Amino acid sequence: QVQLVESGGGLVQAGESLRLSCAASGSIRNINVMGWYRQTPGNERELVALITSASSTNYADSVKGRFTISRDNAKNTWNLQMNSLKPEDTAVYYCHAQGILLTTRVFVSWGQGTPVTVSS
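Anyway, here's the lowdown on the structure attached to this text. (Residues numbered from 1 in each chain as written. Predicted model: local features only at pLDDT ≥ 70, side-chain atom pairs only at ≥ 80, totals over all residues. Heavy atoms only, no water.)

Moving on, we get to the sheet that holds strand E7 (residues 67–72). What the four strands build is an open sheet, ordered E1-E3-E8-E7; its pairing is antiparallel. For this open sheet the edge positions go to strand E1 (2–7) and E7, each flanked by a neighbour on one side alone. Direction aside, the axes of adjacent strands within the sheet are offset by 15° on average. Relative to strand E3 (residues 18–26), E1 runs antiparallel, the two being bridged by six bridges. In the strand pairing of E3, Gln3 is matched with Ser25. (Pairing = 2+ DSSP bridges. Helix = DSSP H or I, 4+ residues; strand = E, 2+ residues; numbered from the N terminus. Axes fitted to C-alpha atoms, helices over the stretch in contact; angles between N-to-C directions.)

Our next topic: the state of the cysteines. The tally for this structure, following the rule as stated, stands at one disulfide. Paired by a disulfide, Cys22 and Cys95 hold their sulfur atoms 2.1 Å apart. Between Cys22 and Cys95, the S-S torsion sits near 45°, and that sign places the bridge as right-handed. Pair noted here: Cys22 is in strand E3 and Cys95 is in strand E9 (residues 91–101), with a separation of 73 residues, a long-range link. Cys95 shares its class with Cys22; the two are buried. (Disulfide = S-S within 2.5 Å. Buried < 20%, exposed > 50% of the residue type's maximum accessible area, 1.4 Å probe, protein only.)

What follows is about the environment of Gln112. You can see Gln112 is positioned in the loop between strand E10 (106–110) and strand E11 (114–119). For the pair Gln112 and Gln3, spaced 109 residues apart in sequence, the C-alpha separation works out to 9.4 Å. The contacts of Gln112, once residues within four sequence positions are left out, are Leu4, Val5, Glu6 and Tyr94. (Contact = heavy atoms within 4.5 Å.)

Membership of the largest hydrophobic core comes to 31 residues, with the highest contact counts inside it found for Trp36, Trp78, Leu80, Met82 and Tyr93. Only E1, E3, strand E4 (28–39), strand E5 (46–52), E7, strand E8 (77–82), E9 and E11 provide two or more residues apiece to this core. Per-element tally for this core: the top contributor is E9, with five residues. Those residues in contact with Tyr93, other than ones at most four positions away along the chain, are Glu6, Leu20, Trp36, Tyr37, Arg38, Val48, Phe67, Leu80, Met82, Gly113, Thr114 and Val116. (Core = buried A, V, L, I, M, F, W, Y, C linked by side-chain atoms within 4.5 Å.)

This is the structure we're talking about:
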């Protein structure tokens, strides 16, 4: 199957930046959609940003203008550059991928989550 490994979370102060990275491995033919979600205790996981294989992007309104998602198709990696972080950005961030395996079956995978804490 497909494994996603995240890195880059941590503790920062409000106004600072963090960069999250996700790397996919496995029997992947292609990844159609790469994304980032976040979740806080007691709340549902919510979309932060996604990018398609055609480099079309979509962002949550709360992060527009501050976060940027990018991808490297050749390496099956993608990043989330988070600038001007706010305390309300504090959450566990999960990378997400949808694509096609070498067997031509569709896959949907999640990373294990990386915590981001923004202090005021």
